Structures are given as structure tokens and as C-alpha cells.
Amino acid sequence: IGDATTAWTLVGRAAREELAKPSPDLDLLVAAGEVMLANDGVKEARDYFERVLALEPGNVAANAGIAHVLEAEGDPAAAKQRLAQVSALQPESASFEEELAQIEKDPKLAADHWIEAGRRSAHWLDVTHAEEQFETAISSDEASTGKASAALGALEEKLGRPAQARVAYQRAVAGGARTPV
């Protein structure tokens, strides 16, 4: 968002006016919630996100905003639960799995989220991010080497890079994977 104070100057008045409308601009309310959260206005951010969710319960951005509010309020378990719901609503997006990995305290669970983020990035052939996510999974929990390396091997194979796929599959087997994929 950049400078949150400047952002609020741009959207604040319009957002407050939208709150009073029966059919407000939901994107503007989400933006206002994000700006308030960046300005440490956690309660106000919650108000904006909840208004959006009252009108559109499946709104991904507002649900993600509530997850961030829950985290800011010191409820990481509820934040993780909400982010998991958001991730399920966006099965093609790696970003929510990354967020789950970043707030997860258990290294094995964090690695699982990193691997899922990598798989989602690989689906879109976002090679750089997928590789980073798989490597981050391994650094989070060495026991994930087999699973992460097998997923990387599958990506390399999909890209038509047999030498890199072979290296990744060998690493997967050395890491405990029973089968490469």
C-alpha cells in the first residue's frame, strides 16, 4: 500500500461514506480495512472487513483481512483457521499457503504449507517461486526433503528438463521418498 497515512487520506472519507450505503463499494471497503490495519487500526479494519463479509461472505480479500486482524489481535489459531479457509477458496493461489507457512510454529506443518505453495506455483509454471518454496520447506523441516524434492522433480519433468528432474528425484529418494512422485 505504500505510506499508510497517505493511503488513508485518499480512501478514508470515501470509505466512511460507503459504510452508510446499503450497497457499498466492497473493493473500497476492503482497501480501507487494509489501510486501517497498516495504520494499526485493528478494530476499524475489522469493521470494514465484517461489513464486506455481511454482504458477500465468500469475499476472499475480506476473509484474508479478517485473518490478518485475528493475527494482530493475538489469536494465531483463529488466524490460521481463517487463512486455511481462504486458501481453500483460492486453490490456485500460492500466497495464502505462504502466509500459513510463515505464521505456523510447527516446522513440519510449515514445511507442508511451503510444499503446497510450491505445488501451486509449479502449476502456473512459476519456476522461481516454486523452487524457493520447495527449498524453504526443506530448510523448515529436513524431513520434508523427499516430498519437496519429488515435487520439484515433477516440475522439472513438466518443463522438459530431464537432467534437473533426475537430480531432484535422486534428492527425493535420498530424502526418504519411496517413489519419485
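Here, the structure is the one placed above.
Thresholds applied
Residues numbered from 1 in each chain as written. Predicted model: local features only at pLDDT ≥ 70, side-chain atom pairs only at ≥ 80, totals over all residues. Heavy atoms only, no water. Helix = DSSP H or I, 4+ residues; strand = E, 2+ residues; numbered from the N terminus. Buried < 20%, exposed > 50% of the residue type's maximum accessible area, 1.4 Å probe, protein only. Contact = heavy atoms within 4.5 Å. Axes fitted to C-alpha atoms, helices over the stretch in contact; angles between N-to-C directions. Parallel < 35°, antiparallel > 145°, perpendicular 65-115°, else oblique. Nonpolar A, V, L, I, M, F, W, Y, C, P; charged D, E, K, R; others polar. Salt bridge = Lys/Arg side-chain N within 4 Å of Asp/Glu carboxyl O. Core = buried A, V, L, I, M, F, W, Y, C linked by side-chain atoms within 4.5 Å. Polar contact = N/O pair within 3.5 Å; in protein donor to acceptor, adjacent residues only side chain to side chain.

Let's talk about the overall build of the protein
Reasoning step 1: A tally of regular secondary structure across the protein gives 10 helices and 0 strands.
Reasoning step 2: Helices and strands appear in the protein in the N-to-C order α-α-α-α-α-α-α-α-α-α.
Reasoning step 3: A principal-axis box enclosing the C-alpha atoms of the protein has dimensions of 60 × 30 × 30 Å.
Reasoning step 4: For the protein, the residues scored as buried account for 45% of the 181 residues in total.
Reasoning step 5: When contacts within the protein are restricted to residue pairs at least 6 apart in sequence, long-range pairs at least 24 apart make up 45% of them.

Observations concerning the packing of helix 7 (residues 107–123) against helix 9 (residues 145–158)
Reasoning step 1: Taken N-terminus to C-terminus, the directions of helix 7 and helix 9 make an angle of 5°; their axes are 10 Å apart at the nearest point. Accordingly, the angle class assigned to the pair helix 7 and helix 9 is roughly parallel. Seen from helix 7, the contacting residues are D112, I115, R119, A122 and H123; seen from helix 9, they are K147, A148, A151, L155 and K158.
Reasoning step 2: Residue classes in the contact of helix 7 with helix 9 are distributed as 5 nonpolar, 1 polar and 4 charged.

Brief notes about the pattern of salt bridges
Reasoning step 1: Applying the stated criterion to the full structure yields 12 salt bridges.
Reasoning step 2: Across the pair K21 and E18 runs a salt bridge, and its minimum N-O distance is 2.7 Å.
Reasoning step 3: Notably, a salt bridge pairs K108 with D112, separated by 3.2 Å at the nearest N-O pair. A residue pair is termed a helical-turn pair when its members lie 3 or 4 positions apart in one helix, as K108 and D112 do in helix 7 at 4 residues.
Reasoning step 4: We classify K108 as partly exposed; its relative accessible area is 46%.

A word on the environment of S95
Reasoning step 1: One can find S95 in helix 6 (residues 95–103).
Reasoning step 2: Among the residues examined, S95 registers a relative accessible area of 35% and is labelled partly exposed.
Reasoning step 3: Distance in space between the C-alpha atoms of S95 and L125 is 15 Å, their sequence separation being 30 residues.

Here's the deal with the nonpolar core
Reasoning step 1: Formed by 30 residues in total, the largest nonpolar core has its most connected members in W8, Y48 and F49.
Reasoning step 2: Looking at this core, the elements that each hand over two or more residues are helix 1 (4–19), helix 2 (26–38), helix 3 (42–55), helix 4 (60–72), helix 5 (76–89) and helix 6.
Reasoning step 3: No other element matches the 8 residues that helix 2 contributes to this core.
Reasoning step 4: In contact with Y48, not counting residues within four places along its chain, are W8, G12, A15, R16, L19, L29, A32, G33 and M36.
Reasoning step 5: Counting residues in each nonpolar core, the second largest holds 15 residues, with I115, A137, A148 and A168 among its members.

Description of the side chain of Q133
Reasoning step 1: You can see Q133 is positioned in helix 8 (residues 127–140).
Reasoning step 2: For Q133, the side chain forms a polar contact with the side chain of E98, separated by 2.5 Å.
Reasoning step 3: A polar contact is formed between the side chain of Q133 and the side chain of S121, at a distance of 2.8 Å.
Reasoning step 4: The contacts of Q133, once residues within four sequence positions are left out, are A94, E98, W114, A117, G118 and S121.

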